[in-house]
Amino acid sequence: MASIADYYAGKSVLITGATGFMGKVLVEKLLRSCPHVRALYLLVRPKAGQSMQERVSDMMKCKLFDRVREDNPDFHQKIVPISSELIQPGLAIGPEDKETLTSCINIIFHCAATIRFDEPLKHALQLNVMATQQLISLAQQMPHLQAFIHISTAYANCNRRHIDDIIYPPPVEPKKLIDSLEWMEDSIVRDITPRLIGDHPNTYTYTKALAECVVQKESSKLSIAIIRPSIVGASWQEPFPGWIDNFNGPSGVFIAAGKGILRTMRANNDAVADLIPVDVVINLTLAAGWYTAVHRPKAALVYNCTTGGINPFHWGEIGMFLFSFKRNPLEQAFRRPNANITSNYLMNQYWILVSHRFPALLYDLYLRLSGQKPQMMRIFNRLHKAIGLLEYFSSQDWEWNSENMNMLMSHLSPEDRKVQYLQPRPSTYHTAMIATSLQTFSSRHSTLMCVS
Ligand SMILES: CCCCCCCCCCCCCCCCCC(=O)SCCNC(=O)CCNC(=O)[C@H](O)C(C)(C)COP(=O)(O)OP(=O)(O)OC[C@H]1O[C@@H](n2cnc3c(N)ncnc32)[C@H](O)[C@@H]1OP(=O)(O)O
Ligand SMILES: NC(=O)C1=CN([C@@H]2O[C@H](COP(=O)(O)OP(=O)(O)OC[C@H]3O[C@@H](n4cnc5c(N)ncnc54)[C@H](OP(=O)(O)O)[C@@H]3O)[C@@H](O)[C@H]2O)C=CC1
């Protein structure tokens, strides 16, 4: 059977969300580990005054692409940016571009999504559900398509404790919800959102669950796989250890702790901290693309891409790692770091008062007296809002079935297993992630969460 690199040779690949955290790593790994891939078509929108071409060429200049650049200085010739706004009708793809895509694409990786936990329901629905539906309609017009890979999240079914690698019935029929929200004013939708999402913690997990159902509906017509990563962190090994470019998930929390600002958080010390390195998620994604195209499973296969079942690591152990900041705080720290993790609500409230609010009040008083603008209370208010949204995930435990991931691993040749490694060792990974990534990343962004 063809190796993964052999399979991707000569193929045209369509990627959404390529400018995002995972999308960039996917583009890099495809170009590096599958050097004979024919072309990567990236659906990108113009943003912040930059055209989509400018955005893509800036992206390719970043350090993440250094190894690809070394191997093939002309790698950019394989990248074809296509202008697209996913929440517009027809994904706002021009007719010529549409013709090009429909005639040549062999594999689709759908990474784009809004991952904000506080996204208004209507927008989360438009991007995470309706855009997925539109992309599938486009995929159905592609005669040479061999695989459609949809990136979901391990928390799409976080209202269950045990999560199998199957697609669960949707909390509501997606089409019915879309139709009924269409005519409603935003303020009404906002008011009824908590009732609609029910036992989901936010609009993100809710709409990702709906998107899975939209994908499943088409699985008889297309060869589909769904990847469900847990909490995606910095790279473990490739293209170099510790690469990260955002404050999502635990990264922002760790940086705030390393700067001595965040000193207490509610988490269950014994619950699994299911962090998975971005390079491992991308390896699985590429391997799933290969397996789906070559084996053409009859139904959509779901890959729970988690570490807890194999290499459990707990929030309490993360707390131990954070203690290393005591000796080596991040640059421009507010105070000497000290992390307290507790599952007790009252205890946490006490530490928030003593360790967060009181020092912030004093510091703002000092700023006021010295003629400067107070800022610490504002920073803490934002931090508390963010922590409030994350605590749901750090206070509970989930168990994911990883049968399909194991099955996929057993199909990889020894050579592919080296290139597309799928299992991180937690101790080396967490050390790399917390130490390397946060030191380098936070020093590049030292303005926020520190007192200038
Ligand atoms: C004592 C310690 C103990 C710790 C141990 C315990 C740790 C527990 C951690 C639990 C994490 C669990 C995560 C679970 C994830 C589920 C996985 C997924 O499926 S899916 C995917 C997971 N999805 C997610 O993770 C999304 C979750 N995040 C959100 O939904 C939103 O960020 C928000 C609502 C939390 C805050 O919204 P808002 O207040 O509007 O703030 P914005 O975000 O808009 O940022 C504004 C600006 O600030 C910048 N910045 C931020 N932090 C820092 C920092 N620390 N420094 C410096 N800068 C920082 C930021 O870059 C931005 O800059 P710019 O771009 O403007 O230049
Ligand atoms: N990060 C994590 O911890 C986890 C992520 N996931 C899933 O992985 C996938 C990728 O996540 P991640 O890379 O972290 O997310 P990012 O927020 O970093 O990237 C999101 C991508 O989607 C694109 N996008 C958003 N809105 C639009 C739009 N209207 N039109 C065109 N493109 C758009 C963004 O483009 P632009 O640059 O233009 O904004 C960006 O490229 C998502 O499906 C997410 O649900 C799953 C589990 C965990």
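Per an unreviewed UniProt entry, the protein chain goes by the name Fatty acyl-CoA reductase and belongs to Esox lucius. Its UniProt record gives the protein chain a comment under Sequence similarities (unreviewed entry), which states: "Belongs to the fatty acyl-CoA reductase family."

Student: Describe the UniProt feature "domain: Thioester reductase (TE)" (unreviewed entry) in the protein chain, with residues and values.
Tutor: As annotated by UniProt and renumbered to match this structure, "domain: Thioester reductase (TE)" (unreviewed entry) occupies residues 15–284. A helix fraction of 41% and a strand fraction of 14% characterise residues 15–284, whose end C-alpha atoms lie 16 Å from each other.

Student: An account of the site of ligand 1 is needed here, citing residue identities and associated values.
Tutor: In the vicinity of ligand 1 there are 32 residues, among which R116, F117, T153, F247 and G249 approach most closely. Within the side chain of R116, one N or O atom sits 2.9 Å away from an oxygen atom of ligand 1. The separation between an oxygen atom of ligand 1 and a polar side-chain atom of T153 is 2.7 Å. Considering each element in turn, the shell around ligand 1 owes the most residues, 6 residues, to helix α15 (residues 376–394). A class-by-class count of the residues in the shell around ligand 1 yields 20 nonpolar, 8 polar and 4 charged.

Student: How would you sum up the side chain of T203? Please name residues and give values.
Tutor: By the secondary structure assignment, T203 is in helix α9 (residues 203–217). Among the polar contacts made by the side chain of T203, one reaches the main-chain carbonyl oxygen of E119 at a distance of 2.7 Å. Apart from residues lying up to four places away in sequence, T203 is in contact with F117, E119, L121, A124, T193 and I197.

Student: Tell me about the packing of helix α2 (residues 21–33) against helix α11 (residues 278–295), and please be specific about residues and values.
Tutor: α11 packs onto α2 with a crossing angle of 60° between their chain directions and a minimal axis gap of 9 Å. Between α2 and α11, the angle falls in the class oblique. At the point where α2 passes α11, the crossing takes the right-handed sense. Seen from α2, the contacting residues are F21, M22, V25, L26, K29, L30 and S33; seen from α11, they are V278, D279, V281, I282, N283 and L286. Looking at side-chain class alone, the contact of α2 with α11 contains 9 nonpolar, 2 polar and 2 charged residues.

Student: I'd like to hear about the site of ligand 2, residue by residue, with values.
Tutor: Surveying the vicinity of ligand 2 reveals 25 residues, the closest of which are T19, K47, R55, E85 and Y204. Separating an oxygen atom of ligand 2 from a side-chain N or O atom of R45 is a distance of 2.8 Å. K208 has a polar side-chain atom sitting 2.8 Å from an oxygen atom of ligand 2. Summarising the interface, the protein chains cover 89% of the accessible area of ligand 2, which totals 900 Å² for the free molecule. Counting only elements with at least two residues in the shell around ligand 2, the list comes to α2 and α9. For the shell around ligand 2, the per-class residue count stands at 13 nonpolar, 7 polar and 5 charged.

Student: Mind laying out the pairing of strand β7 (residues 224–229), listing which residues take part and the relevant values?
Tutor: Taken across its 6 residues, β7 has 6 buried, putting it largely inside the fold. With burial as the criterion, each face of β7 is covered, one bearing I224, I226 and R228 and the other bearing A225, I227 and P229. The pairing of strand β5 (residues 147–151) with β7 spans 4 bridges and is parallel. Bridge pairing in β7 links I151 to I227.

Student: Pulling in residues and values, what's your account of the nonpolar core?
Tutor: The biggest cluster of nonpolar side chains holds 61 residues, and the ones touching the most others in it are Y8, V27, L30, L42 and F109. Counting residues in each nonpolar core, the second largest holds 41 residues, with L125, A139, L145 and I226 among its members.

Student: An account of the environment of Q140 is requested, with residue identities and associated values reported.
Tutor: Mapped onto the elements of the fold, Q140 is located in the loop between α6 (121–139) and β5. Exposure remark for Q140: the relative accessible area of 35% places this residue in the partly exposed category. Contact partners of Q140, with chain neighbours within four places excluded, come to E218, K221 and L222. Polar side-chain contacts of Q140 include one of 2.6 Å to the side chain of E218.

Student: Please give an account of helix α14 (residues 345–369) that cites residues and values.
Tutor: Taking 1.5 Å per residue as the helical rise, α14 with its 25 residues ought to reach 36 Å, and the 34 Å between its terminal C-alpha atoms agrees with that figure. A bend of about 35° at I352 is the largest found in α14. The inward-facing, buried residues of α14 contact β9 (264–266), β12 (340–342) and α15. Among the residues of α14, the N-terminal cap falls to N344, whose side-chain oxygen and the backbone nitrogen of L346 are separated by 2.9 Å.

What counts, and at which threshold
Throughout this description, residue numbers start from 1 for each chain and increase along the sequence as written. Whichever chain is written first becomes A and whichever ligand is written first becomes 1, with later ones labelled in order. Given that the model is predicted, a residue must reach a pLDDT of at least 70 before its local features are reported, and side-chain atom pairs must reach 80 or more before they are shown or counted; all residues, however, enter totals for whole chains, interfaces and linings. Computation of side-chain values: all heavy atoms of the structure, hydrogens and water removed. UniProt positions are given in the numbering used here, feature names are shortened, and annotations may be inferred rather than shown by experiment. Secondary structure elements are defined from DSSP: runs of H or I of at least 4 residues count as helices, runs of E of at least 2 residues count as strands, and each element is numbered from the N terminus. Whether a residue is near a molecule or strand depends on its heavy atoms: it is near if one of them lies within 4 Å of it. Polar contact criterion, stated in full: a pair of N or O atoms within 3.5 Å, where within protein one must be able to donate a hydrogen and the other to accept it, and residues adjacent in sequence count only if both atoms are side-chain atoms. Side-chain classes are defined by residue name, with Ala, Val, Leu, Ile, Met, Phe, Trp, Tyr, Cys and Pro counting as nonpolar, Asp, Glu, Lys and Arg as charged, and the others, Gly among them, as polar. Contacts were defined at the residue level, with two residues in contact if any of their heavy atoms lie within 4.5 Å. Interaxial angle, 0 to 180 degrees, is taken between N-to-C directions of lines fitted to C-alpha atoms, where a helix line uses only the stretch in contact. Every angle not falling under 35 degrees, over 145, or within 65 to 115 is termed oblique; those three ranges are roughly parallel, roughly antiparallel and roughly perpendicular. Left-handed describes a crossing whose near helix is turned anticlockwise from the far helix by less than a right angle; the clockwise case is right-handed. For every accessible area listed, the method is Shrake-Rupley and the probe measures 1.4 Å; residues are considered covered only by the protein chains on display. Any residue under 20% of the maximum accessible area for its type is buried, any over 50% is exposed, and the rest in between are partly exposed; the area is computed with a 1.4 Å probe on protein chains only. Pairs of strands are assigned from DSSP output, requiring at least two bridges between the strands. Only buried residues count toward a nonpolar core. Its members are Ala, Val, Leu, Ile, Met, Phe, Trp, Tyr and Cys residues joined through side-chain atoms within 4.5 Å. The span one expects for a helix is its residue count, reduced by one, times 1.5 Å. We define the bend at each residue as the angle formed by axes fitted to the 7 residues ending at it and the 7 residues starting at it.

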